[in-house]
Amino acid sequence: MIDGTEEDHEFGLEDDSSAVIAAVGRQIKLWREEAGLRAAELGLIIGYSENLVYKVEGGRRIPKPEFLGKTDAAVGANGKVSAMKKDVEEARYPRKVRDLAKLEAEAVELGAYAGVVIHGLLQTEEYARALYAQRRPAYTEDDIERLVAARMARQVVFDRRPAPLLTFVQEEATLRRRTGGRMVLRRQLEHLLELSQLRHVEIQVMPMDADEHAGLGGSHQVLKLKDGKTVGHNEVQLISGLITDPRQVQILEMRYNLIRSQALTPRLSRELIEKLLGET
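Here goes a summary of the coordinates provided.

What counts, and where the lines are drawn
Residues numbered from 1 in each chain as written. Predicted model: local features only at pLDDT ≥ 70, side-chain atom pairs only at ≥ 80, totals over all residues. Heavy atoms only, no water. Helix = DSSP H or I, 4+ residues; strand = E, 2+ residues; numbered from the N terminus. Buried < 20%, exposed > 50% of the residue type's maximum accessible area, 1.4 Å probe, protein only. Contact = heavy atoms within 4.5 Å. Areas by Shrake-Rupley, 256 points an atom, 1.4 Å probe, with all protein chains shown as cover. Phe/Tyr/Trp six-rings, centres within 6.5 Å; stacked < 30°, edge-to-face > 60°. Salt bridge = Lys/Arg side-chain N within 4 Å of Asp/Glu carboxyl O. Core = buried A, V, L, I, M, F, W, Y, C linked by side-chain atoms within 4.5 Å. Axes fitted to C-alpha atoms, helices over the stretch in contact; angles between N-to-C directions. Parallel < 35°, antiparallel > 145°, perpendicular 65-115°, else oblique. Nonpolar A, V, L, I, M, F, W, Y, C, P; charged D, E, K, R; others polar. Polar contact = N/O pair within 3.5 Å; in protein donor to acceptor, adjacent residues only side chain to side chain. Pairing = 2+ DSSP bridges. Expected span 1.5 Å × (residues − 1).

### Digging into the overall build of the protein
Line of reasoning, step 1. When its secondary structure is counted, the protein shows 12 helices and seven strands.
Line of reasoning, step 2. In terms of overall dimensions, the protein has a C-alpha envelope of 70 × 45 × 35 Å along the principal axes.
Line of reasoning, step 3. Residues counted as buried form 44% of the 280 residues belonging to the protein.
Line of reasoning, step 4. Counted over contacts in the protein with a minimum sequence separation of 6, partners at least 24 positions apart contribute 75%.
Line of reasoning, step 5. For the protein, the exposed surface amounts to about 14,300 Å²; the carbon and sulfur share of it is 52%.

### What about the packing of aromatic side chains?
Line of reasoning, step 1. Here the structure, examined in full by the defined rule, presents three aromatic pairs.
Line of reasoning, step 2. For the ring pair Tyr48 and Phe67, a centre distance of 5.1 Å and an interplane angle of 65° mean the geometry is edge-to-face. In this pair, Tyr48 sits in the loop between helix H2 (39-46) and helix H3 (50-57) while Phe67 sits in helix H4 (residues 65-75), placing the two residues 19 residues apart along the sequence.
Line of reasoning, step 3. For Tyr48, a relative accessible area of 21% gives the class partly exposed.

### Focus: unusual backbone geometry
Line of reasoning, step 1. For the bond from Arg136 to Pro137, the omega torsion is 0°, close enough to zero to count as cis.
Line of reasoning, step 2. Looking at where Pro137 falls in the secondary structure, it is placed in the loop between helix H7 (125-134) and helix H8 (141-153).
Line of reasoning, step 3. Each neighbour pair has its own omega, and for Arg161 with Pro162 the value is 0°, a cis peptide bond.
Line of reasoning, step 4. In this fold, Pro162 is placed in the loop between H8 and strand S3 (165-171).
Line of reasoning, step 5. For Asn78, which is not glycine, the phi dihedral falls at a positive 55°.

### Quick look at the pattern of salt bridges
Line of reasoning, step 1. This model, assessed by the stated rule, comprises 15 salt bridges.
Line of reasoning, step 2. Notably, a salt bridge pairs Glu57 with Arg32, separated by 2.6 Å at the nearest N-O pair. Here the residue Glu57 occupies a position in helix H3, and Arg32 occupies one in helix H1 (residues 16-34), the gap between them amounting to 25 residues. Arg32 carries the same exposure label as Glu57, and that label is buried.

### Focus: the nonpolar core
Line of reasoning, step 1. By size, the foremost hydrophobic cluster in this structure holds 30 residues, and its most contacted members are Leu122, Phe158, Phe168, Leu175, Leu189 and Leu192.
Line of reasoning, step 2. Mapped by element, the contributors of at least two residues to this core are strand S2 (107-114), H7, S3, helix H10 (182-196), strand S4 (201-206), strand S5 (220-225) and helix H12 (266-279).
Line of reasoning, step 3. For this core, the element with the most residues is H10, which contributes six residues.
Line of reasoning, step 4. In this structure, Phe168 is in contact with Leu110, Ala112, His119, Leu121, Leu122, Phe158, Val201, Glu202, Ile203, Gln204 and Tyr256, ignoring residues within four places of it in sequence.
Line of reasoning, step 5. The next biggest cluster of nonpolar side chains, apart from the first, holds 19 residues, and it includes Ile62, Phe67, Ala77 and Val81.

### With respect to the packing of H2 against H3
Line of reasoning, step 1. The geometry of H2 relative to H3 is characterised by a closest axis approach of 8 Å and an angle of 110° between their N-to-C directions. Taken as axis vectors, H2 and H3 run roughly perpendicular relative to one another. Contacts from Ala39, Ala40, Leu42 and Gly43 of H2 reach H3 at Glu50, Val53 and Tyr54.
Line of reasoning, step 2. Across the contact of H2 with H3, the residue classes tally to five nonpolar, one polar and one charged.

### Re the side chain of Ser269
Line of reasoning, step 1. Structurally, the position occupied by Ser269 is in helix H12.
Line of reasoning, step 2. On the basis of relative accessibility, which here comes to 0%, the residue Ser269 falls in the buried class.
Line of reasoning, step 3. A distance of 2.8 Å separates the side chain of Ser269 from the backbone nitrogen of Val205, its partner in a polar contact.
Line of reasoning, step 4. Those residues in contact with Ser269, other than ones at most four positions away along the chain, are Ile203, Gln204, Val205 and Leu264.

### Some words on the pairing of S2
Line of reasoning, step 1. Among the eight residues of S2, six are classified as buried, and the element is accordingly described as predominantly covered.
Line of reasoning, step 2. The sheet contact formed by S2 and S5 spans six bridges and is antiparallel. Across the sheet, the residue bridging to Ala107 is Leu225, located in S5.
Line of reasoning, step 3. Sheet topology note: the S2/S3 ladder contains six bridges and is parallel. Residue Ala112 lies in a different strand from S3, and its bridge partner there is Phe168.

### As for H8
Line of reasoning, step 1. Here H8 spans 18 Å end to end across 13 residues, near enough to the 18 Å set by a 1.5 Å rise per residue.
Line of reasoning, step 2. For H8, the complete set of buried residues consists of Asp142, Asp143, Ile144, Arg146, Leu147, Val148, Ala150 and Arg151.

### Section: the pairing of S4
Line of reasoning, step 1. Counted residue by residue, S4 has five buried out of six residues, so it is predominantly covered.
Line of reasoning, step 2. Relative to S4, S3 runs parallel, the two being bridged by six bridges. Bridging across to S4, Gln170 finds its partner in Val205.

In structure tokens form, the structure reads like this:
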């Protein structure tokens, strides 16, 4: 079964972190008023606009660590505002992203098939931003900033030591679609080539003219964890879910292995990406 299947938390971004950010904003406002400062005065002292101060206090913008640190000093909070940095850092990202990032941090092996867009772990910041800008209903600029930051933060998995084995199969169409425009796609293809040079990363392409394709059921990933367990993860329209039922995980793992066998080899995939880069 799918554990914790729920409406996609990217839509509206209403999750448990909203209450944390609102509480932090109220505390900052109370400390500012206690110090006898107007929002414009605090902004001038810490180097931020009055409008941004109001947004943070209203829970509409997530403060960065330096904002909290400078505010702490400006209002004389003696570390009480700075102490909220850890809570804010955890709340910076939507819950489902935090949960997925925790799984990725525990994985010794991760395999992912992406059939619609470039997989999130492989995306450049510009590509991710272009994707979120196209979502409907439309996100606010603040939402987009938060989501892009969350996606980029997950990519620390590439720097983990000991390094996990990371394998990806990308549908060829995702490498041809000019999401964000020609230059965004060019940088994305260059990024894929850079990542493919890492010894613990393998990127394969499922060609559009493939006669056999075990991934027509949709994008998914399989994660093998440190404790020996294997879990799956599916993400489709409005639904994001962790799959833990052994039988269903076994099916996903079987499909992913077939997909890899049907896709181009890593070497041929790299050659195709280089060809597409030259044509873009």
